[in-house]
Amino acid sequence: MAGTTLRDVAKLANVSIRTVSNVVNGYAPVSDELRARVQVALDELDYRPNLIARNLKQGRTGMIAFVVPELDVPYFAELAREVIKAARAHGYVVMIDQTDGDGDRERELLGRDSRATMFDGLLLSPLSVSAEELRARGNRVPIVLLGEHIFNGSFPHVAIDNVAAARDATAHLLDLGRRRVAAIGDQPYATGRRPSSAPPATVRRTPAPGWTWTTS
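Here's a quick rundown of the structure. Please read these numbers as outputs of a predicted model, since none were measured by experiment.

About the criteria used
- Residues numbered from 1 in each chain as written.
- Predicted model: local features only at pLDDT ≥ 70, side-chain atom pairs only at ≥ 80, totals over all residues.
- Heavy atoms only, no water.
- Helix = DSSP H or I, 4+ residues; strand = E, 2+ residues; numbered from the N terminus.
- Expected span 1.5 Å × (residues − 1).
- Buried < 20%, exposed > 50% of the residue type's maximum accessible area, 1.4 Å probe, protein only.
- Arc of directions from axis to C-beta.
- Contact = heavy atoms within 4.5 Å.
- Axes fitted to C-alpha atoms, helices over the stretch in contact; angles between N-to-C directions.
- Parallel < 35°, antiparallel > 145°, perpendicular 65-115°, else oblique.
- Nonpolar A, V, L, I, M, F, W, Y, C, P; charged D, E, K, R; others polar.
- Salt bridge = Lys/Arg side-chain N within 4 Å of Asp/Glu carboxyl O.
- Pairing = 2+ DSSP bridges.
- Polar contact = N/O pair within 3.5 Å; in protein donor to acceptor, adjacent residues only side chain to side chain.

### Some details on helix α5 (residues 74–89)
- End to end, α5 covers 23 Å across 16 residues, agreeing with the expected 22 Å (1.5 Å per residue, within 8%).
- Among the residues of α5, Phe-76, Ala-80, Val-83 and Ala-87 are the ones counted as buried. One side of α5 carries all its buried residues, which in axial view fall inside an arc of 65°. Of the exposed residues in α5, the ones pointing more than 90 degrees away from its buried face are Pro-74, Arg-88 and Ala-89.
- Close packing links the buried residues of α5 with β1 (63–68), β2 (93–98) and β3 (121–124).

In structure tokens:
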């Protein structure tokens, strides 16, 4: 019922407002008998908590921003699904944005007046901003970086070891006796730079005569 308050529920259940609050928010232990009584009143009055007010009181928004270069890339689409699933399990809502790999858009998100300050955290897959720009950002929203662009930063970072993945995939094809190995792809921008300290991508196989290596 619109406009129903904790006071209304407490009056119907004949309990204190604090007891109703504890049941609704799961704060303190409440006896089964009191919990059942409060739940009956909640259902009868069709009580709906004011999530905005609750989050403001707790100093949180209940939302996480997930920002990637392109949403139509299958990798990011699958990643978004898993992020939403994990966030939902912890009571968060995920807002998704796309930068198109534009550096100005990425920097805008890091500014002091950015809409990112509306969120409890930011999952960002950057292509243009540097580690220095991230450290000097205007807002204090917690950030987790995704992808291979920045390796020497001081932020939590989730990435795939593309070098090792390419090596393992190639080795698997060679073990199957494949003679013509090709790497085919089309991407309008670079996803990042492999760290200079990383070993070169090599597969320890000696190609037989007539083997062909192709990249595109």
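### Some words on the packing of helix α2 (residues 17–25) against helix α3 (residues 32–45)
- The geometry of α2 relative to α3 is characterised by a closest axis approach of 10 Å and an angle of 85° between their N-to-C directions. Taken together, the axes of α2 and α3 are roughly perpendicular relative to one another. Packed against α2, whose contacting residues are Thr-19, Val-20, Val-23 and Val-24, the element α3 presents Leu-34, Arg-35, Val-38 and Leu-42 at the interface.
- The residue makeup of the contact of α2 with α3, split by class, is six nonpolar, one polar and one charged.

### Thoughts on the pattern of salt bridges
- Counted under the stated rule, the structure contains eight salt bridges.
- The partner of Glu-82 in a salt bridge is Arg-81, and the shortest N-O contact between them spans 3.6 Å.
- Residue Arg-107 is joined to Asp-104 by a salt bridge in which the shortest nitrogen-to-oxygen separation is 3.6 Å. Of this pair, Arg-107 and Asp-104 both sit in helix α6 (residues 103–110), three residues apart, roughly one helical turn.
- Several salt bridges converge on common partners, so that one network encompasses Arg-81, Glu-82 and Lys-85.

### Comments concerning the sheet that holds strand β4 (residues 143–146)
- The five strands lie next to each other as β2-β1-β3-β4-β5, forming an open sheet whose pairing is parallel. Across the chains shown, the open sheet's two edge strands, defined by having one partner strand only, are β2 and β5 (157–158).
- When β3 meets β4, the two strands line up parallel, connected through three bridges. Counterpart to Leu-124 in the pairing with β4 is Leu-145.
- With respect to the sheet, α5 is in contact with β1, β2, β3 and β4, its orientation differing from that of β1 by roughly 170°.

### Some words on α6
- Of the residues making up α6, those classed as buried are Gly-103, Arg-105, Glu-106, Leu-109 and Leu-110. Seen end-on, α6 carries its buried residues on one side only, within an arc spanning 165°.
- The backbone nitrogen of Asp-104 lies 3.3 Å from a side-chain oxygen of the residue at the head of α6, namely Asp-102.

### Comments concerning the environment of Pro-126
- Tracing the sequence through the fold places Pro-126 in the loop between β3 and α7 (131–135).
- For Pro-126, a relative accessible area of 2% gives the class buried.
- Linking Pro-126 and Gly-103, residues 23 residues apart in sequence, is a C-alpha distance of 8.3 Å.

Purely geometric numbers; function is a separate question.
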